[in-house]
There are 2 protein chains.
Amino acid sequence: MDEETDGIRPSRLPTRELDAADRRLLGVLVDDATVSYAELGERAGLSAPAAHERVKRLRRSGAIRQTSAIIDPKAVRKPLLAFVHVDTRGWGKTPELMAISKYPEVEEIHSVAGDTCMLLKVRTEDTRALEGLLARIYEVPGVVTTRSYVALSTYLERPVQPGATKEWPAPRHMAQPIY
Amino acid sequence: MDEETDGIRPSRLPTRELDAADRRLLGVLVDDATVSYAELGERAGLSAPAAHERVKRLRRSGAIRQTSAIIDPKAVRKPLLAFVHVDTRGWGKTPELMAISKYPEVEEIHSVAGDTCMLLKVRTEDTRALEGLLARIYEVPGVVTTRSYVALSTYLERPVQPGATKEWPAPRHMAQPIY
DNA sequence: GCTGAAAGCAAAGAATA
DNA sequence: TATTCTTTGCTTTCAGC
């Protein structure tokens, strides 16, 4: 069903700007990617073939990275969510640290600006498993400290939204930046 | 294509434990939810109808929350990712704070344990838009401080993985917990 | 849970505006 | 460029085992 025929393309084409119809298509597909192209076109104000053609283009251009089933973490026994700040000696992004990507508990790895070097999002079965994961992280050369923020409740968690807030009326008390 | 016929069920059934075949199905669908049931069954070692039946069950039970298109943030002009720690006076989870859910820039809202109350994951077009969002957050009654961690690079970002690390061989220097 | 048949939908093309 | 129509092929779906 997918066109994974060529492994040649560098997977990111000269990304043209998305128009309003593309945004509407993305909005529907982010919400529910199981709709038929007929319904997709209907919801986005396009014919089925037009919708299909545009979605293929969105996939080829990389605007749609993938279509994925979103799993309930509790169903796969990972009820514990934590954000781990990792402080390192020297530059944080080492191959050794990246090796933790292989653990399915690790969902995100970012380097960040602020009072820490790296930021991880991890999901584990319980505090014991989190402790084990932290132990592994501490074994990585260069890792100095970690600070973990364990999620007590999650009130919102959703994929990247295509919509953008149109205008931010700057608070009146805020000075105007020159850039 | 979807069975959203009844709005009666509380959307979380007595979740039975997933077996190995369910895990395999989830593994395939997290990676690519566009596969046909024929191919899905093949990859998971099941016939197409069996795969279909199990996937329907996984959807009904809530183990599969939704099927979603994963969008490239850059394609929708949100290249700037930030994690915002919000400190509040009193209890953080107020309806006023939750109101920021309506901004598509806000992807996650968690209450956390640690030296902050709430943790947000937000994506904006640029630093100016982030500033505007922070200004909105500061306008929420009870918000005292925010600390933002702007992502410099993202090295890993993926959906909830069905797999679990089997055994964590506890480092030898670590004392055994009684629980 | 597997097999095999019927209905439905998707993918590709041609003609048109 | 988007639409409609058509056709081919595949997928889903439901029967029975």
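You'll find the structure just up there.
Here the structure is a predicted model, which means the values were calculated and not measured. (Residues numbered from 1 in each chain as written. Chains lettered and ligands numbered in written order. Predicted model: local features only at pLDDT ≥ 70, side-chain atom pairs only at ≥ 80, totals over all residues. Heavy atoms only, no water.)

Section: the pattern of salt bridges
- Under the criterion given, the structure shown has 30 salt bridges over all chains.
- A salt bridge links Arg-54 of chain A to Asp-22 of chain A; the nearest nitrogen and oxygen atoms lie 3.1 Å apart. Of the two residues, Arg-54 of chain A sits in helix 3 (residues 48–61) while Asp-22 of chain A sits in helix 1 (residues 20–31), which places them 32 residues apart along the sequence.
- Glu-53 of chain B is the partner of Lys-56 of chain B in a salt bridge, and the nearest nitrogen-oxygen pair spans 3.7 Å. Residue Lys-56 of chain B and its partner Glu-53 of chain B are both found in helix 3 (residues 48–61); the two are separated by three residues, about one turn of the helix.
- Residue classification places Glu-53 of chain B among the partly exposed positions, given a relative accessible area of 42%. (Salt bridge = Lys/Arg side-chain N within 4 Å of Asp/Glu carboxyl O. Helix = DSSP H or I, 4+ residues; strand = E, 2+ residues; numbered from the N terminus. Buried < 20%, exposed > 50% of the residue type's maximum accessible area, 1.4 Å probe, protein only.)

As for helix 3 of chain B
Residues and elements named next belong to chain B.
- The terminal C-alpha atoms of helix 3, which comprises 14 residues, lie 20 Å apart, in line with the 20 Å expected from a rise of 1.5 Å per residue.
- The set of residues buried in helix 3 consists of Ala-51, Arg-54, Val-55, Leu-58 and Ser-61. One side of helix 3 carries all its buried residues, which in axial view fall inside an arc of 130°.
- Looking one or two residues past helix 3, Gly-62 carries a phi angle of roughly 90°, positive in sign. (Expected span 1.5 Å × (residues − 1). Arc of directions from axis to C-beta.)

Re the protein's contact with DNA strand D
- Taken together, the neighbourhood of DNA strand D is formed by Leu-46, Ser-47, Pro-49, Ala-50 and Arg-54 of chain A together with Ser-36, Tyr-37, Ala-38, Pro-49 and His-52 of chain B.
- Of everything in DNA strand D that lies within 4 Å of the protein, sugar and phosphate atoms constitute 89%.
- Between Tyr-37 of chain B and DNA strand D, the recorded distance is 2.9 Å, taken from a backbone N or O atom to a phosphate oxygen.
- Of the residues forming the surface near DNA strand D, the biggest block, three residues, is contributed by helix 3 of chain A.
- When grouped by side-chain class, the residues that make up the surface near DNA strand D number six nonpolar, three polar and one charged. (Near = heavy atom within 4 Å. Polar contact = N/O pair within 3.5 Å; in protein donor to acceptor, adjacent residues only side chain to side chain. Nonpolar A, V, L, I, M, F, W, Y, C, P; charged D, E, K, R; others polar.)

Section: the relation of the copies chain A and chain B
- Superposition record for chain A on chain B: RMSD 0.1 Å, screw rotation 180°, translation along axis 0.0 Å. In the structure described here, the two chain copies are related by an operation that fits a two-fold rotation axis. The position closest to the rotation axis in chain A is occupied by the C-alpha of Ser-68 of chain A, lying 2.8 Å away.
- A symmetric contact is evident, with 99% of the interface residues of chain A recurring at the interface of chain B. (Least-squares fit on C-alpha atoms with pLDDT ≥ 70 in both. Contact = heavy atoms within 4.5 Å.)

With respect to the interface of chain A and chain B
- Contact with chain A, which involves 90 residues of that partner, is made by 89 residues of chain B.
- Carbon and sulfur atoms supply 57% of the area buried between chain A and chain B, which totals about 8,100 Å² over both sides.
- At the boundary of chain A with chain B, the tally comes to six salt bridges.
- The interface formed by chain A and chain B contains 47 residue pairs in polar contact (both at pLDDT 80 or more).
- Only helix 1, strand 1 (64–71), strand 2 (80–88), strand 3 (106–113), strand 4 (118–124), helix 5 (127–139) and strand 5 (143–157) of chain A provide two or more residues apiece to the side of chain A that touches chain B.
- Top contributing element to the side of chain A that touches chain B by residue count: strand 5 of chain A, with ten residues. (Buried area = accessible area lost by both parts, 1.4 Å probe.)

Quick notes on the protein's contact with DNA strand C
- In the region of DNA strand C, the neighbouring residues are Ser-36, Tyr-37, His-52 and Lys-56 of chain A together with Ser-47, Pro-49, Ala-50 and Arg-54 of chain B.
- Of what DNA strand C places within 4 Å of the protein, 88% of the atoms are sugar or phosphate.
- At a separation of 2.9 Å, a phosphate oxygen of DNA strand C approaches a polar side-chain atom of His-52 of chain A.
- When residues of the surface near DNA strand C are traced back to their parent elements, those giving at least two are helix 3 of chain A together with helix 3 of chain B.
- Partitioned by chemical class, the residues of the surface near DNA strand C number three nonpolar, three polar and two charged.

Considerations on helix 5 (residues 127–139) of chain B
Residue and element names in this part refer to chain B.
- Compared with an ideal rise of 1.5 Å per residue, which puts 13 residues at 18 Å, helix 5 spans 18 Å between its outermost C-alpha atoms and is within 8% of the ideal.
- Of all the positions in helix 5, only Ala-129, Leu-130, Gly-132, Leu-133, Leu-134, Ala-135 and Ile-137 are classed as buried.
- In this structure, the buried side of helix 5 is in contact with strand 2 (80–88), strand 3 (106–113), strand 4 (118–124) and strand 5 (143–157).
- Near the N-terminus of helix 5, the side chain that reaches the backbone nitrogen of Arg-128, with its oxygen 3.3 Å away, is that of Asp-126.

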